Amino acid sequence: MQTTRIGTSSKASGRDLTPLLAGAATAVGGFGALLAFSGSDSPLRAPLTLFFLLAAPAAGIAAALRGFDPFARVLASLAGSVVLNMLVAQGMLATHRWSARGGVMAMAVISALILLLVLMRRRRTAKGQDA
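Quantities reported herein were computed from a predicted structural model and do not represent experimental measurements. (Residues numbered from 1 in each chain as written. Predicted model: local features only at pLDDT ≥ 70, side-chain atom pairs only at ≥ 80, totals over all residues. Heavy atoms only, no water.)

(A) Layout of helix α3 (residues 70–94). In a regular helix each residue adds 1.5 Å, so 25 residues correspond to 36 Å; α3 covers 36 Å between its end C-alpha atoms and thus fits that length. Every buried residue of α3 is listed here: Ser 77, Gly 80, Ser 81, Asn 85, Val 88 and Met 92. His 96 sits one or two residues past α3 and shows a positive phi near 60°. (Helix = DSSP H or I, 4+ residues; strand = E, 2+ residues; numbered from the N terminus. Expected span 1.5 Å × (residues − 1). Buried < 20%, exposed > 50% of the residue type's maximum accessible area, 1.4 Å probe, protein only.)

Take a look at the structure:
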C-alpha cells in the first residue's frame, strides 16, 4: 500500500498571507490618516495615526531596499521611518508650524515621493535591460 502525502511548507503559506497582511496594513494606516485629517475624537485616532506615521515611510524605504535580507530590510526601513518622522517633526517645530494634520500630510507626501522614485528607477532599469 502506498501512502500519498500532501504537505505544505510554512514558507508557502506565509507567502500567501503577504498580500493580505499588506492590504490590512494599508487599510489600517489609511484609516489612521483619515482619522487624523478629520479631527475625530475616537480613541483609535492616536494609535492608528502613529501606525500610519511609521508604516507609510517604512513601506517606501523597504521598496527601495529590495535586494536586502528580509530582516535587515525591515530593521532598516523602520529605522529610516523613525528618522524621517523626527526630521519632519523637528522642521515643523523649528518653523512654528506644528500640527498633527501637517505631520501626517508631510509624511504622506514624503512616502509617496519615495515610492514614486522607486517605481521610476525600476522602470528605467527595466527599459535599460530590454534595450
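(B) Structural view of a positive patch on the surface. Positive charge collects at one region of the surface, where Arg 66, Arg 121, Arg 122 and Arg 124 lie side by side. Examined against the element boundaries, Arg 66 turns out to sit in the loop between α2 (45–64) and α3. (Patch = residues over 30% accessible without salt bridge, like charges linked within 9 Å, V, L, I, M, F, W, Y side chains within 5 Å. Areas by Shrake-Rupley, 256 points an atom, 1.4 Å probe, with all protein chains shown as cover. Salt bridge = Lys/Arg side-chain N within 4 Å of Asp/Glu carboxyl O. Lys, Arg positive; Asp, Glu negative; His and termini not counted. Charge placed at Lys NZ, Arg CZ, Asp CG, Glu CD.)

(C) Geometry of the nonpolar core. Formed by Ala 33, Ala 36, Phe 52, Leu 53, Ala 56, Val 88, Met 92, Val 104 and Met 107, the largest nonpolar core amounts to nine residues. In terms of residue count, the dominant contributor to this core is α2 (three residues). In this structure, Val 88 is in contact with Ala 106, Met 107 and Ile 110, ignoring residues within four places of it in sequence. (Core = buried A, V, L, I, M, F, W, Y, C linked by side-chain atoms within 4.5 Å. Contact = heavy atoms within 4.5 Å.)

(D) Just the environment of Gly 30, in detail. Within the secondary structure, Gly 30 sits in helix α1 (residues 10–38). On a C-alpha basis, the gap between Gly 30 and Phe 52 in space is 6.9 Å, while along the polypeptide they are 22 residues apart.

(E) Structural context of the side chain of Ser 111. With respect to the helices and strands, the residue Ser 111 is situated in helix α4 (residues 100–130). Within the structure, Ser 111 has its side chain in polar contact with the backbone oxygen of Met 107 (distance 2.7 Å). Leaving out residues up to four positions away in the same chain, Ser 111 has contacts with Ala 56 and Pro 57. (Polar contact = N/O pair within 3.5 Å; in protein donor to acceptor, adjacent residues only side chain to side chain.)

(F) Geometry of unusual backbone geometry. Phi angles above zero are rare outside glycine, and His 96 is one such case at about 60°. Considering the arrangement of structural elements, one finds His 96 in the loop between α3 and α4. Accessibility expressed as a relative area gives 72% for His 96, which makes it exposed.

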